[in-house]
Amino acid sequence: MSRATVASPMNREIIESTYQQWRLDPSSVDPSWSFFFEGFEAGLAASVAPGQEGNGHAIPPSQSQNGESKDARDHLGLSRLIHRYRDLGHLVADLNPLYPAPDKNNPLLAIEQFNLSSEDLGRHFDCSGFFGLGRATLAELLAALQETYCSTIGVEFTHLQDPEMRRWLAQRMEVRRNKGDFNRDRKVLVLTQLLAAERFEDFLHRKFIGQKRFSLEGGEALIPLLDSFIASCPAMGVGEVVLGMAHRGRLNVLVNTMGKPFEEVFAEFEENYDPSTIGGDGDVKYHLGYSNDRAYGASKVHLTLTPNPSHLEAVNPVVEGRVRAKQMRITDRDRKKVLPLLIHGDAAFAGQGIVAETLNLSGLPGYTTGGTVHLVINNQIGFTTIPADARSTFHCTDMAKIIQAPIFHVNGDDPEACAYLAELALEFRQTFKRDVVIDIVCYRKYGHNEGDEPAFTQPVMYGKIRNRPTPPKLYASRLESAGVIDGLLLGQMSEEVEARMQAALDRERGGATHYKGMPTFEGTWKGMTNRFSHDAAPTNLPLDLLGKVAVGVSRFPETFQPNSKVRELLANRTRAILEDKPFDWGAAEMYAFGSLVLEGTRIRISGQDCRRGTFSHRHAVIYDARDGHSFCPLEHLSSDQERFKVYDSLLSEAAVLGFEFGYSLDAPDSLVIWEAQFGDFANGAQSIIDQFVVASESKWKRDSGLVMLLPHGYEGQGPEHSSARMERFLQLCAEDNIQVLYPTTPAQIFHLLRRQVKRNFRKPAVVMSPKSLLRHRLVTSTRSELTSSGFQEILDDPRKVNPDGVRRLLLCSGKVFYDLHEERERRKLEDVAIVRVEQIYPLHEARLAEVLAKYSRAATVAWVQEESQNMGAWSFIEPRLRAMGVHIQYVGRDASASPATGVKKVHEKEQKELVDQALTGSISHLVRANGAKFKQGGPAGPLEMAGSRVN
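A quick note: this is a predicted structure, and the numbers were derived from the prediction, not measured. All residue numbers here refer to positions counted from 1 along the written sequence of the relevant chain. Local features in this predicted model are restricted to residues of pLDDT 70 or higher, and side-chain atom pairs are both shown and tallied only at a pLDDT of 80 or more, whereas totals for entire chains, interfaces and linings draw on every residue. The basis for the side-chain values is all heavy atoms of the structure; hydrogens and waters are excluded.

1. Brief notes about the packing of helix H7 (residues 184-207) against helix H18 (residues 487-509)
Axis definition: a line fit to C-alpha positions, over the contact stretch in the case of helices; interaxial angles, taken between N-to-C directions, run 0 to 180 degrees. Helix and strand assignments come from DSSP, with helices taken as H or I runs of at least 4 residues and strands as E runs of at least 2, each series counted from the N terminus. Interaxial distance between H7 and H18 falls to 9 Å at its minimum, and their mutual angle equals 45 degrees. By the angle class used here, H7 and H18 are oblique. Seen along the crossing, H7 lies across H18 with a hand that is right-handed. Listed contacts from H18 to Arg-184, Val-188, Leu-191, Thr-192, Leu-195, Ala-196, Arg-199, Phe-200, Phe-203, Arg-206 and Lys-207 of H7 are Leu-489, Leu-490, Met-493, Ser-494, Val-497, Glu-498, Met-501, Gln-502, Leu-505 and Arg-509. Its residues assigned to classes, the contact of H7 with H18 shows 12 nonpolar, three polar and six charged. Angles below 35 degrees are treated as roughly parallel, those above 145 as roughly antiparallel, those between 65 and 115 as roughly perpendicular, and all remaining angles as oblique. Left-handed describes a crossing whose near helix is turned anticlockwise from the far helix by less than a right angle; the clockwise case is right-handed. We call two residues in contact whenever any of their non-hydrogen atoms come within 4.5 Å of each other. Gly is placed with the polar residues, together with every amino acid not listed as nonpolar (Ala, Val, Leu, Ile, Met, Phe, Trp, Tyr, Cys and Pro) or charged (Asp, Glu, Lys and Arg).

Okay, here's the thing in structure tokens:
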């Protein structure tokens, strides 16, 4: 018998069955079970002896038929009863404001299940298994259990594997019966917040008729919940909260939680913009972010609501990354001062895959933020889709069980319960540094938006909604009945809210307020600009500093024994600088990283297998060959260097890229890199790329210096290991929003990485990084290229040729250059020049024109690429060259649906013909990238080549 078997809540019935079997015949069960049950009964005999007195009632030493002590059976039954309520009480809790509470007489909770009966209700028992109860009657125990676990709060926490967490939660909830302490002032405060939420929505509905606002009505309890949470933060050591949420209720949160002025929201509704402060395209009002300080007595909490697109849960990892960066900046090693809070919708939490990906980040060393508080606005519907069609689980929050997060379900009509749970959730998070979930079961007063008719698809549900009082009215009625307030005070409270909003609208319409957009370049961004420049950055390095890096990368502790091959590789990187020898790509990366941390720039790299590198080129972290413990030379170059952190990520693109993007938003002075295992897999994060990486500056005035390393190149590895889809990134290029680069030398990647943090602006850098070039004999650089030059956006032909003798000028980008160059050398062609475009966007047209002018006598100018014609850079580069007055031909694979062939021989034939035509201009037929087809006779038959002429 294992300890896990005993502890698992799912095995209680097995334990009971085995116990009964043991009572009949101890030899019929495993000896470990016998040992367990003997100890169990010995403990019972000591604590509940036959004939023991309690509260004046003698407990008779009755025996069952098989000689078992009835007291022992009762004790076991009570323990199981308490656990069953902790485990399943949520199933009969009064959680749904639209329907009556479930019948408490659920068979799973019936006392008969635990060898008890109605005759035992008046008997006294030792109920100390329920915290705060002690000796009580069975009826009193049942009342306490139902009050704690079956009222307007239902709890799921028995799935937690940590017994200390379960004990902590049970004690906190049971001692106070899962109720908070609300005096009159606090009750009035809760009502004030509910009324503010309701009146705000009603005001918008009346003043801006027909406009979408994605109302919070039906879920107004979110506002007092958030206020209770934030007000508790200072006492719990939290100084900053970063929020993420979709559009439902966002405007209400902006005003009533974040403190955004009414005037600014009204100006957005009326599109009353100040043209001098608006840049980019902007976004709809219910996607915008906001930052503010909220004061609570002598303390304050900084709140940041992160901008979010309509991709409901896409912001989740972005928030986590921002929090991690903020924690790093203030050296919050305990991760208690900056906290992430995510607000979800019920359908999205259950349905969006990025939710599970982000939850999976929570416990990983490179991504943990010390626990996230999740709030679910559970409208019980997703647009028009009911839960039965939207998820396979009972609760919408069951996904959170994969990380063993406790889950609190609460009736949205009970704002006090919501506010109490906010405090409990915060205390749990700060105590255990784990995620926690609050599921606010409420409803949506209108359709998906205010112009949508929900009764078309949910007539019964919306019949109930339209015929019931709102949550603020229900709570006000309860307070009136209890004598806490009277009707006069209630009217005054509503009138005050209405008057404040009307005064704000009058000021806005009077011209006192314009929508100014979100502020930028403040705080850590101060001194930055959003204007891109081709001006060279100071990326060259003094030889002494380069030497310091080179020596450090191969220095290990005396007792450390790396793999012999890795030791030699790193030693070569040292010798390359000290002895002025050629070095490869991995060495150049290491020199760039080392030099930056010595100069005071933090570096963070993450991605699948990026410590070693997918292609075993990096070896940023090395491992002792004897016991496997790790060592990172770049973390130990100097005692006063900045931090270098590299993390192997989980097998995710969307969440990890979103996390690194979020990190970059709050770390403009750091080099932040995400590396894909293969560039082909970046499309798993396409929504993060589309909605955040390329558009955040235009939509939200939020810049990023994130670097994306995407291994790219056609080498016969098939359609999923060839292309990082450069064409897609180029299609997204406009307004200098990102950089798309395809460097081809170690020196180029060295300067590219360094210039990313050496300029006074930040733009995401999408880098087509190499695979086979990592070890190509020609892909080397020397130290002089690092000490005396910088990144070259256009690389002229490295051969010293007479430009007037060039008759064929080839423009290309990336790996194909080396295929062309090697074949040109083999053929000894003196009239062909090859120019590389290393930065495709923003294209340095002036420098390109300068190089083109050099070869003005060339009879033919061609663009050469490995990618199919409908892919790669061709569709992007051709109209720009044409606008520059360059008549250019295309040489490359024909258009295709798939990026590359899966047959290596076909790839080799394609590549050979491509290079041949590029160098000679001869008429050739190239196989389509996906055109190799086997005849019906099977793989042994001859290949049938289907191709078309290359333009």
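2. Some remarks on the packing of H7 against helix H10 (residues 262-269)
When two helices pack together, their arrangement is given by the angle between the helix axes and the distance between those axes. At a closest axis distance of 12 Å, the pairing of H7 and H10 adopts a crossing angle of 30 degrees. What the angle tells us is that H7 and H10 run roughly parallel. For the pair H7 and H10, the sense of crossing is right-handed. Residues Phe-200, Phe-203 and Leu-204 of H7 pack against Phe-262, Val-265, Phe-266 and Phe-269 of H10. Here the contact of H7 with H10 is composed, by residue class, of seven nonpolar, no polar and no charged.

3. Some words on the state of the cysteines
Criterion for a disulfide: a pair of cysteine sulfur atoms within 2.5 Å. Tallying each qualifying case throughout the model produces zero disulfides. Cys-442 supplies the cysteine sulfur nearest to Cys-418, a cysteine that is in no disulfide, at a spacing of 8.4 Å. Buried, partly exposed and exposed residues are distinguished by accessible area as a fraction of the type maximum, computed with a 1.4 Å probe on protein chains only: under 20%, between the cut-offs, and over 50%, respectively. Cys-418 sits in the buried class, given a relative accessible area of 0%.

4. Focus on the pattern of salt bridges
Close approach of charged atoms allows side chains with opposite charge to pair. Any carboxyl oxygen of Asp or Glu that lies within 4 Å of a side-chain nitrogen of Lys or Arg is treated as forming a salt bridge with it. For the structure shown, the criterion picks out 64 salt bridges. Lys-300 is paired through a salt bridge with Asp-293; the nearest N and O atoms lie 3.5 Å apart. Taking the shortest distance from any N to any O, the salt bridge between Glu-697 and Lys-763 comes out at 2.9 Å. Pair noted here: Glu-697 is in helix H24 (residues 696-700) and Lys-763 is in the loop between helix H26 (746-755) and strand S20 (765-769), with a separation of 66 residues, a long-range link. Assigned by exposure class, Glu-697 and Lys-763 land together as buried. Within this structure, Arg-199, Asp-202, Arg-206 and Glu-498 form a network of salt bridges that share partners.

5. Brief notes about the side chain of Ser-595
Structurally, Ser-595 can be placed in helix H21 (residues 585-599). The class for Ser-595 is buried, based on a relative accessible area of 0%. In this view, Ser-595 contacts Leu-541, Val-549, Phe-750 and Arg-754; residues no more than four positions away in its chain are not counted.

6. Quick notes on the sheet that holds strand S10 (residues 373-378)
An order of S5-S11-S12-S10-S9-S6-S8-S7 is seen for the eight strands of this open sheet, with the pairing classed as mixed. Both outer strands of the open sheet, strand S5 (153-156) and strand S7 (290-296), are each paired with one neighbouring strand and no more. Strand-to-strand twist in this sheet, taken as the mean axis angle between neighbours without regard to direction, amounts to 20 degrees. Bridge count between S10 and strand S12 (residues 436-441): six bridges; the pairing is parallel. One bridge is not enough; two strands pair if DSSP finds at least two bridges between them.

7. With respect to the sheet that holds strand S22 (residues 808-812)
Strand order across the open sheet formed by five strands is S21-S23-S22-S25-S26, with mixed pairing between neighbours. Two strands in the sheet have a free side with no partner beyond their single neighbour: strand S21 (794-795) and strand S26 (889-893). Bridge count between S22 and strand S25 (residues 860-868): five bridges; the pairing is parallel. Across the sheet, residue Leu-809 finds its bridge partner in S25, namely Val-861. Across the sheet, helix H30 (residues 874-883) touches S22, S25 and S26, and the angle it forms with S25 is around 160 degrees. Along the sheet face, helix H31 (residues 904-920) touches S22, strand S23 (832-837), S25 and S26 and points at about 165 degrees away from the line of S26.

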